[in-house]
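Chain by chain, the residues run as shown.
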Amino acid sequence: MLNDLLYKIVCHLLLFFEEAITMAKSPRKKNVFLYEQTRQRILQHIRELGLQPGGMLPSEAALCDATRVSMRTVRRALADLAESGVLVRQQGRGTFVKSLKASEGPRPALRLLLSDIQYIYRQTLSIEIRRIEQVALELGYNLHLHCVGHRVGEPTRQAPDLRDLVPLGQTQACLVISPLRSEDIQTLQQERVPFVTLHQYEDCEATSVAVDFAEVARIGMRHLISLGHRRIGVIGGPLPRPDQNVVRGSDIFVRACRQIMAECGLTVRNELIEQSNYLEQDAARITERWLSMPDRPTAIFAVDDLLAKGAYNTIRGHALRIPADVAVLGCNDSLNSTVLSSVHTPMEQLGEALVRTVHALATTGKPPEPPIAVPHSRLIVRSSTQPVEEIVSL
């Protein structure tokens with residue numbers, strides 16, 4: 001019993017000193033942010049426990065464990081809630097819920113970080129964002145969109161400090177949808193802002209939730225190879241710069257396509273593996289070049305349906321038959337097409353997993369255990385792919 005008590009005292013002292021050191025190292029950090037974050041966590045804890053007016057809160061020590069902050073911070077947050085009329089503190093008895101209506105102030109901010117406003121017009125991302133917004137509102141957040149610019153690859157001296165672009169002191173959590181620099185990730189960590197990213201970083205730790213693009217590549221390539229295709233053009237996303245440390249889903253997709261070709265005994269032809277900026281006109285330009293080759297590809301596999309659409313329309317513009325002359329396969333199944341074969345990726349479920357994961361980080365200080373699973377991708381076969389035996393010889 002005594003050992004347990006000593007252990008708890010040591011833990012609370014460590015939390016206290018950790019907060020003090022963090023504040024000293026980061027002069028931009030406002031005490032009010034930590035108190036407000038703790039305040040929101042306590043309110044969320046009250047909702048999770050189902051406490052109604054008159055219900056008794058757990059002890060201060062239990063709240064310290066639940067919020068992962070020091071006793072001093074918990075007491076300050078409880079005092080703020082009592083002052084605003086949410087709680088009532090009775091000496092010798094404990095702390096009780098007074099009125100949950102008093103807590104209905106501004107919702108905490110969940111901030112979505114995008115590189116460019118054009119992202120929200122991509123069909124794939126719009127599906128994801130709709131679900132993100134639904135789940136965020138369900139969990140009590142207001143969703144804010146922030147376009148922070150194409151920061152990856154920018155020299156540090158030219159890229160503005162992330163703190164100057166996003167009000168981190170008024171932020172409950174962030175979802176990093178576009179790749180950020182390592183310096184930006186470190187800023188979020190220094191400011192103790194919970195965040196989840198769609199990408200992996202080679203030189204810093206970050207909680208990520210993403211579609212398994214290696215699985216997507218395997219499904220699509222095996223489908224095309226099983227149909228007899230041997231000359232397959234692959235259109236990926238932007239080419240990573242040598243100085244970048246971000247691993248994008250499209251990078252994984254292209255590497256996996258190369259690997260599967262090699263495993264199946266196909267010649268990996270670099271001229272049939274191209275990068276894009278996810279624009280339809282990029283795919284049109286690439287497809288034009290491929291169609292001018294004497295041994296043009298018999299199939300095109302694109303990392304996004306919009307790219308597949310660009311390839312599809314270009315092939316039709318050359319009076320070629322799809323799939324008899326060239327088959328086309330996309331990813332995401334996001335265009336509601338009746339003709340385009342695609343590897344369906346679970347974008348709605350991904351959006352929900354992103355929000356619930358960052359919510360767990362914001363309220364408990366750690367990701368959910370076990371991690372929230374994103375369903376597997378699956379092949380949707382339509383008329384744009386068919387057995388190669390039906391292809392007219394070139």
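Residues numbered from 1 in each chain as written. Predicted model: local features only at pLDDT ≥ 70, side-chain atom pairs only at ≥ 80, totals over all residues. Heavy atoms only, no water.

S.K.: Could you give an account of the sheet that holds strand β4 (residues 142-147), with specific residues and numbers?
M.R.: The strand order β4-β3-β5-β6 describes an open sheet built from four strands, whose pairing is parallel. Either end of the sheet is taken by a strand with one partner, and the two such strands are β4 and β6 (195-197). Mean inter-strand twist for the sheet, computed between neighbouring axes without regard to direction, equals 20°. The pairing of strand β3 (residues 109-114) with β4 spans six bridges and is classified as parallel. From the neighbouring strand, L112 faces β4, where its bridge partner is L145. The sheet contacts of helix α5 (residues 123-138) involve β3, β4 and β5 (173-176), and relative to β3 the element is tilted by about 165°. (Pairing = 2+ DSSP bridges. Helix = DSSP H or I, 4+ residues; strand = E, 2+ residues; numbered from the N terminus. Axes fitted to C-alpha atoms, helices over the stretch in contact; angles between N-to-C directions. Contact = heavy atoms within 4.5 Å.)

S.K.: An account of the pairing of strand β8 (residues 232-235) is requested, with residue identities and associated values reported.
M.R.: Of the two faces of β8, the one carrying I232 and V234 and the one carrying G233 and I235 are both buried. Pairing between β8 and strand β11 (residues 299-302): four bridges, direction parallel. Following the sheet pairing, I235 is matched in β11 by A302. The pairing of β8 with strand β10 (residues 273-274) spans two bridges and is parallel. Bridge pairing in β10 places V234 opposite I273. (Buried < 20%, exposed > 50% of the residue type's maximum accessible area, 1.4 Å probe, protein only.)

S.K.: Hey, could you go over helix α4 (residues 71-83) for me, with residue numbers and the actual values?
M.R.: For α4, with 13 residues, the first-to-last C-alpha span of 18 Å sits near the 18 Å given by 1.5 Å per residue. At the C-terminal side of α4, G85 shows a positive phi close to 90°. (Expected span 1.5 Å × (residues − 1).)

S.K.: Residues and numbers for the environment of T298, please.
M.R.: Mapping T298 onto the fold places it in the loop between α10 (280-291) and β11. Look at T298 and you get buried, because its relative accessible area is 9%. With 25 residues separating them in the primary sequence, T298 and P323 have C-alpha atoms 8.5 Å apart.

S.K.: So, the pattern of salt bridges: which residues are in play, and what are the values?
M.R.: Following the criterion strictly, the structure yields 15 salt bridges and no others. Its salt-bridge partner being D333, residue R382 comes within 3.0 Å of it at the nearest N-O pair. Of this pair, R382 sits in the segment after β14 (378-380) while D333 sits in the loop between β12 (327-331) and β13 (341-344), and the two are 49 residues apart along the sequence. R382 sits in the partly exposed class, given a relative accessible area of 22%. The class of D333 is buried, set by a relative accessible area of 18%. The network of salt bridges with common partners includes R131, E138, E352 and R356. (Salt bridge = Lys/Arg side-chain N within 4 Å of Asp/Glu carboxyl O.)

These figures come from the coordinates and say nothing about function on their own.
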